[in-house]
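# Notes for the structure review
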Amino acid sequence: YLARIGAHTSATMIIPRKALGVVYRHYVNWWEAAGHRGKPNIGYWTLVYLAETDEKALSYAVPHIVHTLTEILRYGKADPLRSGPPPAGLSSQLSTAKILQNAGDIDFLLEHNLVFVGSPDTVIRQIRNAAGEGCFNTLLAEMNIGWMDEDDLAKSAELFSSEVMPALRSYEPY
């Protein structure tokens, strides 16, 4: 319906991207079949933090990320009636329930590329990989995470705007 009427769409990092990629590739086909000009904006929301090095970014951002996901958003308890098992054929077996249950585990979040944290080069790679898998072309980057210091937040946003955005500007996942 959304593709047919020309509405753009988005999802959050708690929906497995492999499943999003399947749905959004159909969405793009339905959008084109409906005769809309241009490409749809397909958004993906997650937490983002950059610093000069991966080590610096991780050491600063981890407590803010965990706090935001588990204390502010209250992720960590999955509702099996809502999240259910992953769709058949998705080899990663990553489900919303599993993502929610592991929201406080930074190693899990990084292993599954669910939050984008690191140096500009690392974050560019993380976003490109995620966008290709999930078929999204718009990042809804939550950068004001936890109780971050204003200067650290501003530096992260500056690195994002000066290095990540130009590097990804022409990237199209579909």
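Up top is the structure.
The structure presented is a predicted model; accordingly, all values stated were derived computationally and were not measured.

Helix and strand counts for the protein chain stand at eight helices and four strands. Each helix (α) and strand (β) of the protein chain, taken in turn from the N terminus, gives the series α-β-α-β-α-α-α-α-β-α-β-α. Radius of gyration (C-alpha) of the protein chain: 16 Å, near the 16 Å computed for a compact globule of 174 residues. Along the first, second and third principal axes, the C-alpha atoms of the protein chain reach 45 × 40 × 25 Å. Residues classed as buried in the protein chain amount to 41% of the 174 residues present. Across the protein chain, every contact between residues at least 6 apart in sequence was considered, and the portion connecting residues at least 24 apart equals 74%. In the structure as shown, the protein chain presents an accessible area of about 9300 Å², 53% of it carried by carbon and sulfur atoms. Computed over 15 positive and 19 negative side-chain charges, the separation of the two mean positions in the protein chain equals 11 Å.

A word on the packing of aromatic side chains. Any two aromatic rings considered together are summarised by their centre-to-centre distance and by the angle between their planes. For the structure shown, the criterion picks out five aromatic pairs. Measuring from centroid to centroid gives 5.4 Å for Tyr49 and Tyr60, while their planes differ by 40°, and the two rings are tilted. Taken together, the residues span a long stretch of sequence, with Tyr49 in strand E2 (residues 42-50) and Tyr60 in helix H3 (residues 54-72) at a distance of eleven residues. A relative accessible area of 22% means that Tyr60 is categorised as partly exposed. Pairwise contacts between aromatic rings join Tyr24, Tyr27 and Trp31 into one cluster.

Where helix H7 (residues 120-134) meets helix H8 (residues 150-168), the axes come as close as 10 Å, and the angle between the chain directions of the two elements is 45°. It follows from the interaxial angle that H7 and H8 lie oblique. Our pair here, H7 against H8, has a crossing hand that is right-handed. Counted together, Pro120, Val123, Ile124, Ile127 and Arg128 of H7 and Leu159, Phe160, Glu163, Val164, Ala167 and Leu168 of H8 form the full contact between these two elements. Tallied by class, the residues present in the contact of H7 with H8 amount to nine nonpolar, no polar and two charged.

With respect to the helices and strands, the residue Gln126 is situated in helix H7. In this view, Gln126 contacts Asn113, Val115, Phe116 and Val117; residues no more than four positions away in its chain are not counted.

A separate point is the packing of helix H2 (residues 17-33) against H7. Contact pair H2 / H7: the axes reach a minimum separation of 6 Å and the direction vectors enclose 55°. The angle between the axes of H2 and H7 places the two elements in the oblique class. Across from Arg17, Lys18, Leu20, Gly21, Tyr24 and Arg25 in H2, the residues of H7 making contact are Ala130, Gly132, Glu133 and Gly134.

Here we come to the pairing of strand E1 (residues 9-12). Because side chains alternate across E1, one face comprises the buried residues Thr9 and Ala11, and the other comprises Ser10 and Thr12, none of which is buried. Here four bridges tie E1 to E2, and the two strands are oriented parallel to one another. Along E2, the bridge assignment pairs Ser10 with Gly43.

As a volume, the largest pocket reaches approximately 330 Å³. Around the largest pocket, the lining is made up of 13 residues, and of these Asn137, Leu139, Met165, Leu168 and Arg169 lie nearest the centre. Contributions of two or more residues to the lining of the largest pocket are made by H7, strand E4 (138-142) and H8. With four residues, the single largest contributor to the lining of the largest pocket is H8. For the lining of the largest pocket, the class distribution of residues is nine nonpolar, two polar and two charged.

Moving on: H8. Counted at 1.5 Å a residue, the expected span for H8 with its 19 residues is 27 Å, and the 25 Å between its end C-alpha atoms agrees. Maximum bend of H8: about 35°, positioned at Phe160. Those residues of H8 lying buried are Leu153, Ser156, Leu159, Phe160, Val164 and Leu168. For H8, the elements touching its buried residues are E2, H7 and E4. Near the N-terminus of H8, the side chain that reaches the backbone nitrogen of Asp151, with its oxygen 2.9 Å away, is that of Asp149.

Conventions used here
Just so you know, the residues in each chain are numbered from 1, in the order the chain's sequence is written. Side-chain atom pairs in this predicted model are given and counted only at pLDDT of 80 or more, local residue features only at pLDDT of at least 70, and totals for whole chains, interfaces and linings cover all residues. Values reported for side chains reflect all heavy atoms of the structure, with hydrogen atoms and water molecules removed beforehand. The way it works is that DSSP assigns letters per residue, a run of H or I at least four long becomes a helix, a run of E at least two long becomes a strand, and they are numbered from the N terminus. Restricting the calculation to C-alpha atoms gives the radius of gyration, and the globule rule supplies 2.2 Å times the number of residues raised to the power 0.38. Accessible area is worked out with a 1.4 Å probe on protein chains only. A residue is then buried under 20% of its type maximum, exposed over 50%, and partly exposed in between. By definition in these notes, contact holds between two residues if any of their heavy atoms fall within 4.5 Å. In this description, accessible areas are obtained by the Shrake-Rupley approach with a 1.4 Å probe, and a residue is regarded as covered only by the protein chains that are shown. His is not counted, nor are the chain ends, whereas Lys and Arg count as positive and Asp and Glu as negative. For charged residues, the charge sits on one atom: NZ in Lys, CZ in Arg, CG in Asp, CD in Glu. Pairing of aromatic rings covers Phe, Tyr and Trp, the last counted by its six-membered ring, and requires centre-to-centre distances within 6.5 Å; plane angles under 30 degrees mean stacked, over 60 mean edge-to-face, and any other angle means tilted. Axis lines are fitted through C-alpha atoms, for helices just across the contact stretch, and the angle between N-to-C directions can take any value from 0 to 180 degrees. Throughout, the term roughly parallel applies to angles under 35 degrees, roughly antiparallel to angles over 145, roughly perpendicular to angles from 65 to 115, and oblique to all others. Left-handed is the label given to a crossing in which the near helix is rotated counterclockwise from the far helix by less than a right angle, and right-handed is the label when the rotation is clockwise. Any residue that is not Ala, Val, Leu, Ile, Met, Phe, Trp, Tyr, Cys, Pro, Asp, Glu, Lys or Arg is counted as polar, Gly included; the first ten are nonpolar and the last four charged. Pairing between two strands is assigned when DSSP locates at least 2 bridges connecting them. Both cavities and pockets are sets of points on a 1 Å grid over the protein atoms alone; in a cavity a 1.4 Å probe fits but cannot get out, in a pocket the set is open with protein on both sides within 12 Å along at least five of seven lines, and lining residues sit with an atom within 4 Å of a point. Grid points are joined across faces, edges and corners, and a volume is the space filled by probe spheres set on the points. By this rule, a helix spans an expected 1.5 Å times one less than how many residues it contains. Note that bend, as reported per residue, equals the angle between axes fitted to the 7 residues terminating at that residue and the 7 residues originating from it. In the analysis that follows, any N or O atom pair within 3.5 Å is treated as a polar contact, provided that within protein one partner can donate a hydrogen and the other can accept it, and provided that, for residues neighboring in sequence, both atoms belong to side chains.

Honestly, that's just the spatial picture; any functional story needs more than this.
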